[in-house]
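# Examination of the molecular architecture
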Amino acid sequence: MTIHRWTWQSQLTFALAAGVIAILGLVPSFASDGVIERLTVLFIYVILAAMWNALAGYGGLVSIGNQLFFGLGAYATIRLADAGINPFAAMSLGAGIVAGLSWLLSLFMLHLRAGEFAIGMWVLASIAHLCVNLDPLIQGETGTSLIALNAYAIDARRVLIFWAALIGMVGLLALLFAVLRTPSGLAMQAIRDNEEAADSVGVNPMRTKRLFFVLAGFGTAVAGALWLAQVSAFQPKTYFSVQWTAYMIFMVLVGGLGRFEGAILGALIFFAAETWFADTGVWYLIGLGAAALLFSLLLPKGLWGWIATRTGVSLMPLGYRVHVDTQSETGR
Amino acid sequence: MTNILIQAVLLGGYYALIACGLAFMFQVMRVINLAHGSLAVVSAYAVWSLSDSFGGSPFVSLLAVVPLMGVAGWLLQRLVLERAVRGGELLPVLSTFGLAIVLDNLLFQQFGANTRSLSPMVGDLSWEAFELPGNIYVGKLPVYILITVIVIIGALDLLLKRTALGRQIRATAADPDTAGLVGVDARRTAGIAAALACMTVAVSGAALGLRGTFDAYAGAPQLLFAFEATIIGGARSLWGVLAGAIVLAVAQSFGAQIHPQGFLLGGHLVFLVVLFVRLALKGRSLNLMHILRATGKGAAQ
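Everything numeric in this text was worked out from a predicted model, so none of it was measured.

A word on the confidence of the model for chain B. Residues and elements named next belong to chain B. With 93% of its residues at a pLDDT of 70 or more, chain B has an overall mean of 87. Per-residue pLDDT stays below 50 along residues 284-301; that stretch engages in 19 contacts with residues further than four places along the chain or on separate chains. For this predicted complex, the interface confidence score (ipTM) comes to 0.85, while the overall pTM stands at 0.87.

Encoded structure:
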């Protein structure tokens, strides 16, 4: 009997992922402007899904207020760029500031349970929205735009934002992967499965929950800053809209709650659904809501959870697998 | 000053009306129903549609909508919550949020972006007022809403404390498995509790429409107000929720005096302060009713 992390599937996945990332990095040299812009959007969706999944899937913290981080990431970028900082530096610095803020928030938000935490986050997002509206630079709901980006020519700007989004996505996924493989990540997955039991074997739920909360705050703020760079307009109403969280929930629930691969799969499905059905307007939103409702009731582990339990496939080496001589494999 | 305070207490009556269903469901089933606000808006549209097509008073339409919402609540429990609760405490949050998105957008699809109001349908009642000494006018409608919520909370309180059904509901809330062992049909009890909660939602929907205008997406703010009132009030007793709702409304009204945008901010901030204080007093229970009683005693002495 042997215990190992890597399977041939996960090794193949890593090779493929490296290849895909390399090809994506070269996309601007041959693809059309439209493709570059749509791929940037896809990268942002992957970040949003992965970060919401880190919080809910691994941390057991369902938030209806992740638009808080998204909006603040964009707002911090606007503010810093207005102070004369290079817009790309402002994006990462702004996300760092939001990470610090989320650490402060975690001090009291993490004491709330389930539904209380979920709506409590929504209230915080609403407070942030109202406060941002008070800033004279933003001009209330009229909003403003990231003027500093005008320093770049339109073509160069598009490619720079594309690379920024690609680096952001790969970096955040790698960070999440690394965190999940640390003892804290293992602890987080134990808390997800049973908080009391995890507590009883010496896991400190508050410390690990805080780690994931800050990570999610940082990552979602990066996504908000990237979105701002992509569309350049900042209107508080659109950034602090609960719709962003609805998208995140859809992606993660459909893809697979608590599965690393699930969030990416969910983002791809959402991206496809948006490309094909966004024109149907209200029915598209009804479909998203209905999918979230049905998946949470009928298939709470999402598509990837269903695939993984059926086939035993694990593309990411996040758990330990016991390999018995009879070739029968058991998951973690 | 007195005027602002009186108007705020009346507004608190409305918040308590919308919050009591949420708090009741939370107490009994440990579920925060994120579709709560949307269901109130659904009720408001239902009352509006009935009165619009049959020409009756909204109060008559409400009599038809209340049992309908009761059935909706029972179905919500049977089809959604019961299943979701079995999967842990996170799934009810997700499924009711999905339901809220569906309801909001279906309403938008059906009724469009125009705002609606029930106040044109009740004639003079929408602007009539009682005159209090000191040239203070209070609208009759907000007074009736406050009386309604006191009656509803009183009735729910009596039901929980004095009746066999109430005992079963409390037993199910405390421990559904043990309640089942001593012969309580937990499924039936939870269904009835959800039906009762949704019947109060129907009334609060009508109140929403009578007080002002509403549109398809008005559910989210109602949910936040209901949630804040519940948390401020301590979520333990429905009378606490009434007190919490009044505190919320007072904070909002004073916020509005300080800054034009301060109305919502004032409410949110008092919510945060209560949260902070509760954490600071962690271990000791912070129940607003206790504080009110204690200060009331202090004032009397």
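Here the focus is the environment of B:Arg188. Residue and element names in this part refer to chain B. Among the structural elements, Arg188 can be located in helix H8 (residues 186-211). A C-alpha to C-alpha distance of 22 Å links Arg188 and Ile153, two positions 35 residues apart in sequence. If we ignore the near neighbours within four places in the chain, the residues touching Arg188 are Arg78 and Gln168.

Quick look at the pairing of strand E2 (residues 129-132) of chain B now. Walk down a regular strand and you will see the side chains alternate between the two sheet faces. Residue and element names in this part refer to chain B. Summarising the sheet, E2 and strand E3 (residues 136-139) pair through four bridges and their orientation is antiparallel. Opposite Glu131, over in E3, you have Tyr137 as the bridge partner. As consecutive antiparallel partners, E2 and E3 are separated by three residues, and within that stretch Gly134 has a phi angle of approximately 90 degrees, a positive value.

So, on to the side chain of B:Asn33. Residues and elements named next belong to chain B. Looking at the secondary structure, you find Asn33 in the loop between helix H1 (2-29) and helix H2 (36-54). Within the structure, the side chain of Asn33 is placed 2.9 Å from the backbone nitrogen of Ala35, a separation counted as a polar contact. Sequence-distant contacts of Asn33, defined by excluding residues within four places in its chain, comprise Leu22, Met25, Leu39, Leu76, Thr96 and Leu223.

Another point: the environment of B:Asn135. Take B:Asn135: it is sitting in the loop between E2 and E3. Counting along the chain gives 132 residues from B:Asn135 to B:Asn3, while the straight-line C-alpha distance between them is 9.1 Å.

Definitions and limits used
Residues numbered from 1 in each chain as written. Chains lettered and ligands numbered in written order. Predicted model: local features only at pLDDT ≥ 70, side-chain atom pairs only at ≥ 80, totals over all residues. Heavy atoms only, no water. pLDDT = per-residue confidence, 0-100. Contact = heavy atoms within 4.5 Å. Helix = DSSP H or I, 4+ residues; strand = E, 2+ residues; numbered from the N terminus. Pairing = 2+ DSSP bridges. Polar contact = N/O pair within 3.5 Å; in protein donor to acceptor, adjacent residues only side chain to side chain.

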